[in-house]
Amino acid sequence: MSTAASSYLLIFRETALERYDALSHEQRLHAMRRWNGWIDALVAQGTMQGGNTLDPSARIVSSKRGTRTVDGPFAEAKELIAGYFLLTARSLDEATAIAEQCPFLEYGMTVEVRAVAQACHLARSLGWETMQEPASA
């Protein structure tokens, strides 16, 4: 197993926003302080590269040349992507262990952990290591 650090994306999904509404002001304040303490610790360790929360409004662009645009959020969606972190970790296991410490898991949040790749599936199928065509040898 490599010990070189790589980038991992944690994608936070809210599955039950009403759980927060049921909390008292003090409970919500406590939850936010735990969240911010977790983030502060990741920054202090040099693990956190960045991150943001995402507004719930969304648009999906699809179809040839992006001619189809649909506004969201979508009533059929069972979860809302609430935000993301970009982390430095030595392995998927280490990044997962960080995600397992998310203070909002107890409120129904889920966290997807993904390695950041240098090339998409199509580029890799061409033998490319990045999204750019290799220079001719």
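Just above sits the structure.
Keep in mind that what you see is a predicted model, and the values were worked out from it rather than measured.

Here we look at the nonpolar core
Item 1. Counting 22 residues, the largest nonpolar core has Leu-10, Phe-12, Trp-35, Trp-38, Phe-85 and Phe-104 as its most contacted members.
Item 2. The leading source of residues in this core is helix 2 (residues 25–45), at five residues.
Item 3. Discounting chain neighbours no more than four positions away, the residues touching Phe-104 are Tyr-20, Ala-31, Met-32, Trp-35 and Met-109.

A look at the environment of Leu-54
Item 1. You can see Leu-54 is positioned in the loop between strand 2 (48–53) and strand 3 (58–62).
Item 2. A relative accessible area of 39% means that Leu-54 is categorised as partly exposed.
Item 3. Sequence separation between Leu-54 and Gly-83 is 29 residues, and the spatial gap between their C-alpha atoms is 4.9 Å.
Item 4. Apart from the residues within four sequence positions on either side, Leu-54 is in contact with Ile-81, Ala-82, Gly-83 and Tyr-84.

Remarks on the packing of aromatic side chains
Item 1. Scanning all chains against the criterion turns up 10 aromatic pairs.
Item 2. Judged by centre distance (5.4 Å) and plane angle (70 degrees), the ring pair of Phe-12 and Trp-35 falls under edge-to-face. Of this pair, Phe-12 sits in strand 1 (residues 6–14) while Trp-35 sits in helix 2, and the two are 23 residues apart along the sequence. Here Phe-12 matches Trp-35 in class, with each residue buried.
Item 3. Geometrically, the ring pair formed by Trp-35 and Phe-104 is stacked, given 4.7 Å between the ring centres and 25 degrees between the ring planes. Taken together, the residues Trp-35 in helix 2 and Phe-104 in the loop between helix 3 (92–99) and strand 6 (110–115) connect sequence positions 69 residues apart.
Item 4. For Trp-35, a relative accessible area of 11% corresponds to the buried category.
Item 5. Members of the aromatic cluster, connected to one another through ring pairs, are Phe-12, Tyr-20, Trp-35, Trp-38, Phe-85, Phe-104 and Tyr-107.

A word on the pairing of strand 5 (residues 80–89)
Looking along a regular strand, one sees side chains alternate from face to face of the sheet.
Item 1. As paired elements, strand 1 and strand 5 share nine bridges and run antiparallel to each other. Pairing of Glu-14 across the sheet is with Leu-80, part of strand 5.
Item 2. As paired elements, strand 2 and strand 5 share five bridges and run antiparallel to each other. What sits directly across from Gly-50, in strand 5, is Leu-86.

Examining the pattern of salt bridges
Item 1. Counting across every chain of the model gives four salt bridges.
Item 2. Between Glu-112 and Arg-13 there is a salt bridge, and its shortest N-O distance comes to 2.6 Å. Of this pair, Glu-112 sits in strand 6 while Arg-13 sits in strand 1, and the two are 99 residues apart along the sequence.
Item 3. Looking at Glu-112, the relative accessible area reads 23%, which means it is partly exposed.
Item 4. We classify Arg-13 as buried; its relative accessible area is 16%.
Item 5. Note that Glu-94 and Arg-90 form a salt bridge whose closest N and O atoms lie 3.5 Å from each other.
Item 6. A single network of salt bridges, built from pairs that share partners, joins Arg-13, Glu-112 and Arg-114.

Observations concerning the sheet that holds strand 1
Item 1. Strand order across the open sheet formed by four strands is 2-5-1-6, with antiparallel pairing between neighbours. Both outer strands of the open sheet, strand 2 and strand 6, are each paired with one neighbouring strand and no more. This sheet shows a mean twist of 15 degrees between the axes of neighbouring strands, independent of strand direction.
Item 2. Where helix 2 meets the sheet, its contacts fall on strand 1, strand 2 and strand 5, and the angle it forms with strand 5 comes to roughly 25 degrees.

Definitions and limits used
- Residues numbered from 1 in each chain as written.
- Predicted model: local features only at pLDDT ≥ 70, side-chain atom pairs only at ≥ 80, totals over all residues.
- Heavy atoms only, no water.
- Core = buried A, V, L, I, M, F, W, Y, C linked by side-chain atoms within 4.5 Å.
- Buried < 20%, exposed > 50% of the residue type's maximum accessible area, 1.4 Å probe, protein only.
- Helix = DSSP H or I, 4+ residues; strand = E, 2+ residues; numbered from the N terminus.
- Contact = heavy atoms within 4.5 Å.
- Phe/Tyr/Trp six-rings, centres within 6.5 Å; stacked < 30°, edge-to-face > 60°.
- Pairing = 2+ DSSP bridges.
- Salt bridge = Lys/Arg side-chain N within 4 Å of Asp/Glu carboxyl O.
- Axes fitted to C-alpha atoms, helices over the stretch in contact; angles between N-to-C directions.

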